[in-house]
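The lines below spell out each chain.
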Amino acid sequence: MDFGLKGKRALVCASSKGLGRGCAEALAGEGVNLVINARTEADIEATAQEIRDTYGVEVVAVAADVTTEEGREKLLAACGQIDILVNNAGGPPPGVWTDWDREDFIKALDANMLTPIALIKALVPAMMERGWGRVVNITSRSVKSPLAPLGLSNSARAGLTGYVAGTSRQIAHAGVTMNNLLPGSHATARIDSLDTNAAKAQNIGFDEARAKRQAGNPMKRDGTAEEFGAACAFLCSRQAAFITGQNLLLDGGEFHSTL
Ligand code: NAP
């Protein structure tokens, strides 16, 4: 299927590894030129070169912390015309509800709510003027079903979800769609660190903690960055032009619900 994306240009934030990289590669596979980003310069440069070599698309790599104003300025200065925005950043640290004070919440809100909103405000008006655009926000399954140790994530991402629900309906008339992808457990560095924490908390080994977690998933495995990226590319496709304001859960059926 031709997704109609050849020659478009995407900004994929936080994309040297993991789910962001999965999205960047899936878009590159559709012929999309990229601006990619991460804080670690060597990693983002290496990823950019691998994507250029594999897919033959243009890739601009920007080493910057997307959660800071300075980082976003650097990123936007390198962007040029952007047709597709994929919002992503690292997730907040786990803990217990009594751990977090105001500063912790401000950090989480900055990273996982206010940063995507700032980039949407910076890039969507020009998409609307051109009459075509796509925004995909990487959030979390914690929006649908809270994860107890991830209270900061539960809170900040719920805020972004409310913003997207309202805003997506105000930009749809101009050919710009905006949707959220909600990852369940995926095989990335983030899940390695969460399993390490769970193992410590339960006083068991890493492998046992991982097996216990995966046993609760109907597919008995984690998702892959490739599977995740494919869903992102579909939401950006011309075929998905009538899908907006939606929250797509990618969790192997782990969250039980009829609808
Ligand atoms: P990951 O494998 O740890 O990759 C994170 C990527 O983002 C890296 O390229 C990292 O590079 C970059 N990054 C992190 N913070 C950044 C920042 N402030 N500015 C720019 N780049 C940044 O993480 P992941 O598993 O792909 O997770 C992506 C998002 O999905 C996170 O918000 C996570 O909480 C959420 N999520 C993941 C899962 C899962 O199972 N994997 C489930 C639910 C939600 P640098 O470190 O060099 O910056």
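Residues numbered from 1 in each chain as written. Predicted model: local features only at pLDDT ≥ 70, side-chain atom pairs only at ≥ 80, totals over all residues. Heavy atoms only, no water.

1. What to know about the pairing of strand β5 (residues 133-138)
We count it as follows: Burial here depends on accessible area, computed with a 1.4 Å probe over protein chains only, as a share of the maximum for the residue type. Under 20% is buried, over 50% is exposed, and the range in between is partly exposed. Numbering of helices and strands starts at the N terminus; helices are DSSP runs of H or I of at least 4 residues and strands are runs of E of at least 2. The rule for pairing is simple: two strands pair if DSSP sees at least two bridges between them. Here is how to tell: hold the view so the strands point away, follow the path from the first strand over the helix to the second, and if it runs clockwise the crossover is right-handed.
By the criterion of burial, β5 is predominantly enclosed, with six of the six residues buried. Burial along β5 is two-sided: the face carrying Gly-133, Val-135 and Asn-137 and the face carrying Arg-134, Val-136 and Ile-138 are both buried. Judged from the four bridges that link them, strand β4 (residues 84-87) and β5 form a sheet pairing that is parallel. Bridge pairing in β5 links Leu-85 to Val-135. Each parallel crossover has a hand, and the one from β4 via helix α4 (residues 102-130) to β5 is right-handed. Pairing of β5 with strand β6 (residues 176-183) involves six bridges; the strand directions are parallel. Within β6, the position partnered with Val-136 by the bridge is Asn-179. Since β5 and β6 lie parallel, the crossover through helix α5 (residues 151-171) that links them has a hand, and here it is right-handed.

2. Examining the site of the ligand
Let me state the cut-off plainly: Residues are counted as near a molecule or strand when any one of their heavy atoms sits within 4 Å of it. Distance and chemistry together define a polar contact, namely a pair of N or O atoms within 3.5 Å, with one atom able to donate a hydrogen and the other to accept it when in protein, and with adjacent residues in sequence counting only for side-chain atoms on both sides. Method for areas: the Shrake-Rupley scheme with a 1.4 Å probe, in which residue coverage is limited to the protein chains shown. Residue polarity is assigned by list, with Asp, Glu, Lys and Arg as charged and Ala, Val, Leu, Ile, Met, Phe, Trp, Tyr, Cys and Pro as nonpolar; anything else, Gly included, falls into the polar class.
Lining the immediate environment of the ligand, one finds 29 residues, of which Ser-16, Leu-19, Thr-40, Ala-89 and Thr-188 sit closest. With respect to the ligand, the side chain of Asp-65 contributes an N or O atom lying 2.8 Å from a nitrogen atom. Here Gly-90 contributes a backbone N or O atom positioned 3.3 Å from a nitrogen atom of the ligand. About the coverage of the ligand: the protein hides 91% of its 890 Å² of free accessible area. Of all elements in the fold, only α1 (18-29), β2 (33-38) and α6 (189-202) reach the threshold of two or more residues within the shell around the ligand. Sorting elements by how many residues they give to the shell around the ligand places α6 first, with three residues. Each residue belonging to the shell around the ligand can be placed in one class, and the counts come to 10 nonpolar, 14 polar and five charged.

3. Structural notes on α5
Rules: Expected span of a helix: the number of residues minus one, times 1.5 Å. In what follows, residue pairs with any heavy atoms lying within 4.5 Å of each other are defined as contacts.
Helix length check: α5 (21 residues) gives 30 Å between terminal C-alpha atoms against 30 Å at 1.5 Å per residue, within 8%. Of all the residues in α5, the buried ones are Gly-151, Leu-152, Ser-153, Asn-154, Ala-156, Arg-157, Leu-160, Thr-161, Val-164, Thr-167, Ser-168 and Ile-171. In this structure, the buried side of α5 is in contact with α4, β5, β6 and β7 (247-250).

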